[in-house]
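# Breakdown of the fold
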Amino acid sequence: QVQLVESGGGLVQAGGSLRLSCAASGRTSRTYTMGWFRQAPGKDRAFLAAIRWSSGITYVENSVEGRFTISRDNAKNTVYLQMNSLKPEDTAVYYCAADVDVSSYYSVASRYEYWGQGTQVTVSS
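Residues numbered from 1 in each chain as written. Predicted model: local features only at pLDDT ≥ 70, side-chain atom pairs only at ≥ 80, totals over all residues. Heavy atoms only, no water.

## Section: unusual backbone geometry
Keep this limit in mind: The secondary structure listing takes helices from DSSP runs of H or I that are at least 4 residues long and strands from runs of E that are at least 2 residues long, numbered from the N terminus. Only protein chains enter the accessibility calculation, which uses a 1.4 Å probe; a residue is then buried when its area is under 20% of its type maximum, exposed when over 50%, and partly exposed in between.
The phi dihedral of Ser85 falls on the positive side, at around 50 degrees, and the residue is not glycine. One can find Ser85 in the loop between strand S8 (78–83) and strand S9 (92–99). Here Ser85 falls in the partly exposed class, since its relative accessible area comes to 41%.

Here it is, written out as structure tokens:
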């Protein structure tokens, strides 16, 4: 079992920045892929970014590339999502996820076994 705990959400004005953290514990492994997703009311959970824990290779969704950055801290078993130039449409619950075998399907939510509880991000105009 892997436990994931997100933090760092909150209320921010448009144009502002937030850094979300996802702390992993339990049976963590350097073979995991970690992903960030978000879900706005009435919408499906959407992929934002992923990182291969062992290699550090990252993938970022085109729609947020240039504004969002994913990174990791091996010593802290923590993955981060740095979000800049936030817009009201970025308002959603943000989730981190982990799995040992997403292969090339890192953007597919159903491929991840472990999920955090989510953290709310609200961007005011």
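Let us keep going from here.
## Let's talk about empty space enclosed by the protein
The method is simple in principle: a probe with the dimensions of a water molecule rolls over the atoms, and the space it marks as empty is what remains. Cut-off, in case you're wondering: Grid spacing is 1 Å over the protein atoms alone, the probe is 1.4 Å, and a cavity is where that probe fits but cannot get out, while a pocket is an open set with protein on both sides within 12 Å along at least five of seven lines and lining residues have an atom within 4 Å of a point. Grid points are joined across faces, edges and corners, and a volume is the space filled by probe spheres set on the points. For this classification, Asp, Glu, Lys and Arg are treated as charged, while Ala, Val, Leu, Ile, Met, Phe, Trp, Tyr, Cys and Pro are nonpolar and the rest, including Gly, are polar.
For the coordinates displayed, the defined rule picks out one cavity of 30 Å³ or more. Its boundaries defined by the atoms lining it, the largest cavity holds a volume of some 60 Å³. Residue lining of the largest cavity: Val2, Leu4, Ala24, Thr28, Ser29, Arg30, Tyr32, Met34, Trp53, Asn77 and Ala98, and that is the complete set. Split into classes, the residues belonging to the lining of the largest cavity amount to seven nonpolar, three polar and one charged.

## A short note on the layout of surface pockets
If you add up the space inside the largest pocket, you get close to 180 Å³. Taken together, 14 residues line the largest pocket, and the ones lying closest to its centre are Arg38, Ala40, Lys43, Ala46 and Glu89. Among the elements that line the lining of the largest pocket, the one with the most residues is strand S5 (residues 46–52), at three residues. Partitioned by chemical class, the residues of the lining of the largest pocket number six nonpolar, three polar and five charged.

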